[in-house]
Amino acid sequence: MDTRTSFSILLLLFGVSQASPLIVRSGVFLSEPETVDITTKILETNNGSSEVLIEGDLMFPKTRNALYCFNNNCFWKKNSNNIVEVPYIVSSEYSSYDKSVITNAMSTFHSKTCIRFVARSTQTDYISIENKDGCYSSLGRTGGKQVVSLNRQGCVYHGIVQHELNHALGFYHEHTRSDRDQYVKINFQNISPEQAYNFQKQNTNNQNTPYDYGSVMHYGRTAFSIQPGLETITPIPDDTVEIGQRQGLSNIDILRINKLYAC
């Protein structure tokens, strides 16, 4: 094996182990600079999607009231070994590199929580990861086949994969939690009226965890802005706090998964 080949393999192994998104150039895997926040990336990719989406990347529920879980039926079930298995299939449209990003994103759930994404065999309820027209998911377990869309051109990045999988586990965006007004200011004057519903507070179970500016589920500052650069979300009292990261699950994201599913 020549030096160039060895170096390329080392870069591949290093890159896949990182939380940062990756890109490929000349056969070598590199970390992608985080030049835009997670919401900007998702909304850019979802522009023109044929799906009816709430908050930018949540599929409109067809079988229950929007974004509200009346009972535990919208959570995935724990088996006798106290493991929560989430069966899944992956479209053949993805390359081996795409699949490695997806499985690497799943590995954090496996190592830090009792969630296990397992290859579907005959399970009735499962997620189908597909190369559709955007980055989006249903909220929680909907029953039967449910699509998690990860468009190859804009969604197959570590943090975005984890963001959409976390929706499928039943988690909302951080900025919609019931106590958000203590932590962020929503600048409705910078949001077009027809998009204001994307900032509606939800009746969330916050599980006695702190508001998490660093959550992979948090919108960026300019989400749904009427013009580029205008802030729609401003952290308070410190408006310099970073929001909208897309590197991956935060420690509090992991804590909430473990609390919700009693890991």
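Residues numbered from 1 in each chain as written. Predicted model: local features only at pLDDT ≥ 70, side-chain atom pairs only at ≥ 80, totals over all residues. Heavy atoms only, no water.

### Looking at the confidence of the model for the chain
For step 1, the next point in the chain: Of the residues in the chain, 73% have a pLDDT of 70 or more, and the chain-wide mean is 80.
For step 2, the next point in the chain: Under a pLDDT of 50 for its full length, residues 1–33 has, in the predicted model, 43 contacts with residues more than four places off or in other chains.
For step 3, the next point in the chain: In the predicted structure, residues 62–68 sits below a pLDDT of 50 and forms 17 contacts with residues beyond four places in sequence or in another chain. (pLDDT = per-residue confidence, 0-100. Contact = heavy atoms within 4.5 Å.)

### Examining the state of the cysteines
For step 1, the next point in the chain: A complete count under the given rule lists two disulfides for this structure.
For step 2, the next point in the chain: Shown here is the disulfide that connects Cys114 with Cys263, its sulfur atoms set 2.1 Å apart. Here the S-S torsion is close to -65 degrees, and the disulfide linking Cys114 with Cys263 is therefore left-handed. Of this pair, Cys114 sits in the loop between helix H3 (96–112) and strand S6 (115–119) while Cys263 is found in the segment after helix H5 (251–260), placing the two residues 149 residues apart along the sequence.
For step 3, the next point in the chain: We classify Cys114 as buried; its relative accessible area is 5%.
For step 4, the next point in the chain: Taking the relative accessible area as the measure of exposure, Cys263 reaches 43% and is therefore partly exposed.
For step 5, the next point in the chain: The partner cysteine of Cys135 in its disulfide is Cys155, sulfur to sulfur 2.0 Å. Judged by the sign of its S-S torsion, about -85 degrees, the cystine formed by Cys135 and Cys155 is left-handed. (Disulfide = S-S within 2.5 Å. Helix = DSSP H or I, 4+ residues; strand = E, 2+ residues; numbered from the N terminus. Buried < 20%, exposed > 50% of the residue type's maximum accessible area, 1.4 Å probe, protein only.)

### Digging into the packing of H3 against helix H4 (residues 158–169)
For step 1, the next point in the chain: It is at 9 Å that the axes of H3 and H4 come closest, and there the two elements cross at 55 degrees. Considered as vectors, H3 and H4 are oriented oblique to each other. You can see that H3 and H4 cross each other, and the crossing is right-handed. For the pair formed by H3 and H4, the contact residues are Val101, Ile102, Asn104, Ala105, Met106, Thr108 and Phe109 on the first element and His158, Val161, Gln162, Leu165, Asn166 and Leu169 on the second. (Axes fitted to C-alpha atoms, helices over the stretch in contact; angles between N-to-C directions. Parallel < 35°, antiparallel > 145°, perpendicular 65-115°, else oblique. Left-handed = near helix turned anticlockwise from the far one by under 90°.)

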